[in-house]
Amino acid sequence: MGITGNLAARLTAIRQSSLRNSRQTIMSRRLQARRTDGVDKNVWVELTQMAADYKAVNLGQGFPDFSPPPFIQEAFHEALRGGPPMHQYTRAFGHPPLVKRLAQFFSRIVGHEIDPLEDILVTVGAYQALFYAFQALVDEGDEVIIIEPFFDCYQPMAKMAGGKAVYVPLRPKVEGGTVLASGDWVLSAEELATKFTPRTKAVVINTPNNPLGKVYKTEELQMIADLCIKHDVLCISDEVYEWLTYDGAKHVKIASLPGMWERTITVGSAGKTFSATGWKVGWAIGSGQIIKHLKTIHQNSVYHCATAAQEAVARGFEREHALFGTPESYFQQLPAMLHQRRKKLASCLESVGLQPIMPEGGYFMIADISSAKVDLNDQGTEDELYDSRFVKWLIKEKGLATIPVSAFYSPEHSKEFDKYIRFCFVKEDSTLDAAEDILRKWSHGQ
Ligand code: PMP
Ligand code: GLN
């Protein structure tokens, strides 16, 4: 272990000891509410800290390490120079210029006239829109169908609302021995149909999917929509990577399918849309009959979101509306740039023997680590899954941060999927070069 490793180990020991102290009994009765039970561990908290402690090249947490485009930065600067109203509270359910622009922009995509005041709620990132959807719509004992692998917060959010997560997996279609692309991971209509019960309240989908990069085809969405309609169930559709599709894959909104507007909550993120994850502006869009219940949670918790950031995002959408479908649109430029980075990462992984699954969308790529020969005996705890121990080894010993794919599975199924790790490619070329350098040296035994 080098100097950095020693320092990181000391920092971890200090943190663990302060955690132990904070766990000392401070009340004679139970301190924490039961909804916190079993959801206290979080992969992002643990691994983002570890990546920082070891100063690792970070292909872990999903955020761009480059600046957002100049037009959106300028819009934020201008908003800050916009006088007192830009620095004070705005409308609780969304800054008027932003909901107006979102309605204008998404109406033509969904094929439904979106009412800016009734059908949209602006939130602190997509995370909060998701949290509100669960809090507002899921009751004690309700079941929520989640398609695995899934962005990890859906399960704790369902649980904290009193609901029960019911899982259905995307299964790799193995043809000729290898699975090469995210589109090869498919959902069985028969298996999904068996998960619906009279207690099912909602199905959660995520397209393009994190971590796999699968972009659901219209037929797949139609199959899910048919079941939602048949069983009178809601659909929470997480579409934060909606602009990021590659090789001709097309993002389709499930809310645009017949009969689905009335029962879908579509979640979006300005952080992902404009490469500004730190701004934490997100939204939920759906029928006013549904969104009004999310508004109830919002007005009794956060109340409203940062004004200047909303103003800047509104200007971003105004620009994108005018440029829609042209080469100047950021929604064309970002995927074009990422298409190259995705190819670069895939060929690097292939060259060191880590078989990547080519994503059709999003900004992550998963790779099979089963052929990597690494002694992980002294990594992590005994009950820790292989991919998690591998990721920790890669950070500590090689200085490269990634995310174990088992974190995107339920505890029931994570063991079956612990031979993949996730790499993020929304990074500078120099960051990808540094990662490549580490992987090559490792594959050459250095
Ligand atoms: N959904 C998915 C699938 C994500 O990957 C993320 C992470 N950004 C979020 C929601 C949360 O987005 P935000 O940063 O806007 O809260
Ligand atoms: N969505 C991002 C990812 O999957 C960030 C998650 C987070 O920071 N909690 O990496």
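Before any of the text, the structure's been laid out above.
Okay, so let's go over this structure.

## A word on the packing of aromatic side chains
Evaluation of the coordinates by the stated rule reveals 33 aromatic pairs. Arranged with centres 5.2 Å apart and planes meeting at 70°, the rings of Phe 105 and Phe 317 form a pair that is edge-to-face. With Phe 105 in helix H4 (residues 96-110) and Phe 317 in helix H11 (residues 307-323), this pair connects stretches of sequence that are 212 residues apart. For the pair shown, Phe 105 and Phe 317 are each scored as buried. For the cation-ring pair, Lys 214 lies above Tyr 216, with the distance from its terminal atom to the ring centre recorded as 5.2 Å. Above the face of the Phe 63 ring, Lys 427 is positioned so that its terminal group lies 3.7 Å from the ring centre.

## Re the site of ligand 1
Close contacts around ligand 1 come from 13 residues, with Asp 238, Tyr 241, Ser 269, Lys 272 and Lys 280 the closest. Residue Tyr 127 places a main-chain N or O atom 3.0 Å away from an oxygen atom belonging to ligand 1. Notes on ligand 1: free accessible area 390 Å², of which the protein chains cover 93%. Of all the elements, helix H5 (residues 125-137) adds the most residues to the shell around ligand 1, at 4 residues. Considering only residue class, the shell around ligand 1 consists of 6 nonpolar, 4 polar and 3 charged.

## Things to note about the pattern of salt bridges
Using the criterion set out here, one finds 21 salt bridges in the structure. A salt bridge links Lys 253 to Glu 239; its shortest N-O distance comes to 2.8 Å. Of this pair, Lys 253 sits in the loop between strand S8 (234-238) and strand S9 (264-269) while Glu 239 sits in the loop between S8 and S9, and the two are 14 residues apart along the sequence. Residue Lys 253 shares its accessibility class with Glu 239, and that shared class is buried. With its nearest N and O atoms 3.2 Å apart, the salt bridge here joins Lys 419 to Asp 418. Judged by its relative accessible area of 34%, Lys 419 is partly exposed. What emerges from the salt-bridge pattern is a single network uniting Glu 46, Glu 384 and Lys 392.

Criteria and cut-off values
- Numbering of residues begins from 1 in every chain and follows the order in which that chain's sequence is written.
- Chains and ligands are labelled sequentially in the order written, the chains with letters from A and the ligands with numbers from 1.
- Reporting in this predicted model follows two pLDDT cut-offs: at least 70 for local features of residues, and 80 or more for side-chain atom pairs to be given and counted; totals over whole chains, interfaces and linings ignore these cut-offs and use all residues.
- Only hydrogens and water are set aside when side-chain values are computed; all heavy atoms of the structure are taken into account.
- Two rings from Phe, Tyr or Trp (for Trp, the six-membered ring) form a pair when their centres sit within 6.5 Å of each other. Planes less than 30 degrees apart are called stacked, planes more than 60 degrees apart edge-to-face, and all others tilted.
- Starting at the N terminus, helices and strands are each numbered in turn, a helix being any DSSP run of H or I of at least four residues and a strand any DSSP run of E of at least two.
- Buried residues are those whose accessible area, probed at 1.4 Å on protein chains only, stays under 20% of the maximum for their type, while exposed residues exceed 50% and partly exposed ones sit between those limits.
- Put simply, a charge is over a ring when the Lys NZ or the Arg CZ is close to the ring centre, within 6 Å, and near the line of the ring normal, within 35 degrees.
- By convention in this text, a residue qualifies as near a molecule or strand provided that one of its non-hydrogen atoms is within 4 Å of it.
- Within 3.5 Å is the distance limit for a polar contact, defined as a pair of N or O atoms, with the added protein rule that one can donate a hydrogen and the other accept it, and that residues adjacent in sequence qualify only through two side-chain atoms.
- All accessible-area figures derive from a Shrake-Rupley calculation using a 1.4 Å probe, and residue coverage is judged against the displayed protein chains alone.
- By the convention adopted, Pro, Cys, Tyr, Trp, Phe, Met, Ile, Leu, Val and Ala count as nonpolar, Lys, Arg, Asp and Glu as charged, and the other residues, Gly among them, as polar.
- The salt bridge definition used is simple: a Lys or Arg side-chain nitrogen within 4 Å of an Asp or Glu carboxyl oxygen.

Functional significance is not addressed by these values, which are geometric in nature.
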